[in-house]
Structures are given as C-alpha cells and as structure tokens.
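Next come the chains, spelled out residue by residue.
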Amino acid sequence: MKPTLDARTLFFLTLPPMMWAGNAVVGRLVVGHMPPVMANAVRWALVAVLMAPWAWQVLRQHEALRRRAGYLMLIGALGVGSYNSLQYMALRTSSPLNVTLIGASMPMWMMLVGVIGFGQRATPRQLGGALLSCAGVVLVMSQGSWAHLREVRLVPGDLLMLLAALTWSIYSWLLVRKPASMQGEPAWNWAEFLWLQVLFGTLWATASAGVESAVVGHSHPWPADAQALGTLVFGLLFIAIGPSILAYWGWGQGVRAVGPTVAAFFSNLTPVFAAVWAWALLGTAPQWYHPCALVLIGAGIVLSSSTPAARPTSTSEPAA
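Given the structure is predicted, the values throughout are model-derived calculations rather than measurements.

## Some words on the overall build of the protein chain
Right, on to step 1. Each helix and strand counted, the protein chain has 13 helices and zero strands in total.
Right, on to step 2. Of the regular secondary structure in the protein chain, the N- to C-terminal order runs α-α-α-α-α-α-α-α-α-α-α-α-α.
Right, on to step 3. Residue burial in the protein chain is summarised as follows: out of 320 residues, 52% are buried.
Right, on to step 4. Taking all contacts inside the protein chain whose residues are at least 6 apart in sequence as the whole, residues at least 24 apart take part in 91%.
Right, on to step 5. Carbon together with sulfur atoms contributes 71% to the accessible area of the protein chain, which is approximately 13800 Å² in total.

Here it is in structure tokens:
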C-alpha cells in the first residue's frame, strides 16, 4: 500500500516536531531546576493524571492487559521511559539546537532499524529523500555559512541524544510491527492506548529516577525562589500537554497512516520549528536559511513518500 500524505496525515505528522521543538527549549529550563530523569518521571506522572478521566476504563480489561503486558511494558520503556530521559539528560550538556539537530537524524535510524530488525528494504527514493532532508538540517546548523558549521562541536549530551533517537526508532517500528500477543487486541482508542503506554512507561521512569536520586543525591540545584518555581511548574505543565499528549497522539496516528520510515522525515522539521519558537518567545526573527531549509526538508518528505514500495503491514494496527 502506497503511503498517502493527505491533509489529515500532514497535520498529525507536523504536530509532533512542532511540540518537540518547544520541548527542547522548555526542557532545558526544566532540567535547570530539577534532575533530568526525575523531570521525565514527573512529566509522565502528570500525563497519567491528566488523561485518566478519558482512559481509566481500560483497566477493567484484566485479561487483555495481562496478555499484552509484555508489549506494553516494552514500548512504554522505549517511548516514555528511555527516550525522554535520555533527551533531558542530553540537555544538561548539550544545547537545544544540537538536541533538535541530532534528533533530525531519525530517518537514517528508522531505515537502519527497519532493515536490520524488521526486514524492511530502504528504497532509492527514501535514501534520496533522507539526503535532501539532511541537507536542510545542515543548512540550519550552518546558518548558511561554512565557517559557522566548522565551529559546531559535539559534547557528551549529543551522544545521549543519538541513543535516544535509536530508542525512538525501535518504538516507532513496534507500533506497526506488533508481536503475536497483540493479535485481536481490544478496540482501544488513541487515548486508552497512549495512557497504557504512559502507565507502563512511568514505572520505568520512576525506577530510573530512584537510581538517579541515589547516584546524584542532592547535588542538583532546585528552585531557589518563586520565579524559578513558577518556571518549573509552567515548564512541566507544557511538556506534559504539548510534547507528551498532543505529540504522541499525532505521532501514533501518522505512523499508522504512512509507516515509521516516511513519518521519520517529519522529525527533520524540528530545527525549523525551533526557530519559530525562538521567534515567538524570544523575538529572534527567522533568517533566510530557515525557509530554504524548510523547502529542502519538504522536498525530502515528498520524494520519500512517493515511493511505490509497500509500507510495513501488521495484523494489528495501532488504535485510532
């Protein structure tokens, strides 16, 4: 089946990078006042509370949950417990720009995971689309100047973000290539399916926060005044609603429609949206290279999605 990028799918796949760009900026503020792994645990605990009124009924399906607990635990650990913890840990030593740019390597990781783990062949058009999209990312990173590109330096946090991109790629493939235990799954709607991921993922995130607390202790700075506390509370609420509920909802719908390989190209929009966030919040106007990068990234998306190759099939699609 040929992936179809209609207006609905474009919305679903554009929403996550828009939210992730904000997450990189606001997340940097949050981890300045709270240990990063604990910030991730608090974030998803808030999500669990906010979504509970719309999804708690799913807990009544005891047998269905027992049979599928292994799968839910795995995708919860990858998509909620690991990816976001690694991202916040990366933000302690890496800049939001570097985090979003490294996150834009997602198409390459998605292709690699698909080839090695799921037997999915990468087509020439997908490879060409990846090159076009990466060219757009490099244009943003260089700010249109080779001299500026040479000044970019990698730090330890950048390596953590690479690992985060790998875990997200595996998570995305598992959304469409589900194991046999998920055959005949209940008719979970998107909120119920996401809430289950959050519940299982929060278990991992909380356990990881406990390990972090034992290792780091009280060496991390906490809010020292009312202004810092307000920044922390606002930041946590934002990342609990935007980059969590809205972004995961859009990503699940988009991956369902076009498959993880094509969907991954939209992650390259994150640095462009980061410039928009900077303009909106900091008054920093976009430069000439931002629309140029958007054109290159868009061309990569169009080229990759025009391939006639069939997207991954599954006996059980993600819940709508």
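## Digging into the environment of Leu174
Right, on to step 1. Tracing the backbone shows Leu174 in helix H8 (residues 156–176).
Right, on to step 2. Considered as a pair, Leu174 and Ile75 are 99 residues apart in the sequence and their alpha carbons are 7.2 Å apart.
Right, on to step 3. Non-local contacts of Leu174, meaning those with residues more than four positions away in its chain, are made with Tyr71, Leu74, Ile75, Leu78 and Phe118.

## Observations concerning the packing of H8 against helix H10 (residues 226–258)
Right, on to step 1. Interaxial distance between H8 and H10 falls to 9 Å at its minimum, and their mutual angle equals 55°. Between H8 and H10, the angle is such that the two are oblique. Taken as a pair, H8 and H10 cross one another with a handedness that is right-handed. Side by side, H8 and H10 meet where Trp168, Tyr171, Ser172, Leu175 and Val176 of the first sit next to Tyr248, Trp251 and Val255 of the second.
Right, on to step 2. A class-by-class count of the residues in the contact of H8 with H10 yields seven nonpolar, one polar and no charged.

## Quick word on the nonpolar core
Right, on to step 1. By size, the foremost hydrophobic cluster in this structure holds 79 residues, and its most contacted members are Tyr71, Leu72, Trp168, Tyr171, Trp188, Tyr248 and Trp251.
Right, on to step 2. Beyond its immediate stretch of four places on either side in the chain, Trp251 contacts Phe12, Leu13, Pro16, Trp20, Met110, Trp168, Tyr171, Ser172, Leu175, Ala263 and Ala264.

## Examining a nonpolar patch on the surface
Right, on to step 1. A cluster of nonpolar side chains, contributed by Leu50, Ile241 and Leu246, occupies part of the molecular surface with about 220 Å² of accessible area.
Right, on to step 2. Among the secondary structure elements, Leu246 is positioned in helix H10.

## Observations regarding H10
An α-helix turns once every 3.6 residues. As a result, residues three or four positions apart point the same way.
Right, on to step 1. In this model H10 runs 46 Å from its N-terminal to its C-terminal C-alpha over 33 residues, within 8% of the 48 Å that 1.5 Å per residue would give.
Right, on to step 2. Gly259 sits one or two positions beyond H10 and adopts a positive phi of about 90°.

## Overview of the packing of aromatic side chains
Right, on to step 1. A complete count under the given rule lists 14 aromatic pairs for this structure.
Right, on to step 2. Relative to Trp168, the ring of Trp20 has its centre 5.5 Å away and its plane inclined at 85°; by these criteria the two rings are edge-to-face. Placement of the pair is Trp20 in helix H1 (residues 7–30) and Trp168 in helix H8, with a sequence separation of 148 residues.
Right, on to step 3. Accessibility expressed as a relative area gives 7% for Trp20, which makes it buried.
Right, on to step 4. Here the aromatic cluster, defined as three or more aromatic residues joined through ring pairs, consists of Trp20, Trp44, Tyr83, Trp168, Tyr171, Tyr248 and Trp251.
Right, on to step 5. Above the face of the Phe193 ring, Lys178 is positioned so that its terminal group lies 4.8 Å from the ring centre.

## Points about the confidence of the model for the protein chain
In low-pLDDT segments, the atomic positions of the prediction should not be examined closely.
Right, on to step 1. Looking at the protein chain, pLDDT values average 80 and 85% of them are 70 or higher.
Right, on to step 2. Across residues 309–320, where pLDDT falls below 50, the model places 44 contacts with residues more than four positions away in sequence or in other chains.

## As for the side chain of Glu212
Right, on to step 1. Within the secondary structure, Glu212 sits in helix H9 (residues 190–216).
Right, on to step 2. In this structure the side chain of Glu212 is engaged in a polar contact, spanning 3.0 Å, whose partner is the backbone nitrogen of Met38.

## Section: the environment of Val262
Right, on to step 1. Relative to the helices and strands, Val262 resides in helix H11 (residues 260–264).
Right, on to step 2. Under the relative-accessibility criterion, Val262 is labelled buried at 2%.
Right, on to step 3. Residues Val262 and Val302, spaced 40 residues apart in sequence, show a C-alpha to C-alpha distance of 9.3 Å.

The rules behind each value
Residues numbered from 1 in each chain as written. Predicted model: local features only at pLDDT ≥ 70, side-chain atom pairs only at ≥ 80, totals over all residues. Heavy atoms only, no water. Helix = DSSP H or I, 4+ residues; strand = E, 2+ residues; numbered from the N terminus. Buried < 20%, exposed > 50% of the residue type's maximum accessible area, 1.4 Å probe, protein only. Contact = heavy atoms within 4.5 Å. Areas by Shrake-Rupley, 256 points an atom, 1.4 Å probe, with all protein chains shown as cover. Axes fitted to C-alpha atoms, helices over the stretch in contact; angles between N-to-C directions. Parallel < 35°, antiparallel > 145°, perpendicular 65-115°, else oblique. Left-handed = near helix turned anticlockwise from the far one by under 90°. Nonpolar A, V, L, I, M, F, W, Y, C, P; charged D, E, K, R; others polar. Core = buried A, V, L, I, M, F, W, Y, C linked by side-chain atoms within 4.5 Å. Patch = residues over 30% accessible without salt bridge, like charges linked within 9 Å, V, L, I, M, F, W, Y side chains within 5 Å. Salt bridge = Lys/Arg side-chain N within 4 Å of Asp/Glu carboxyl O. Expected span 1.5 Å × (residues − 1). Phe/Tyr/Trp six-rings, centres within 6.5 Å; stacked < 30°, edge-to-face > 60°. Lys NZ or Arg CZ within 6 Å of the ring centre and 35° of its normal. pLDDT = per-residue confidence, 0-100. Polar contact = N/O pair within 3.5 Å; in protein donor to acceptor, adjacent residues only side chain to side chain.

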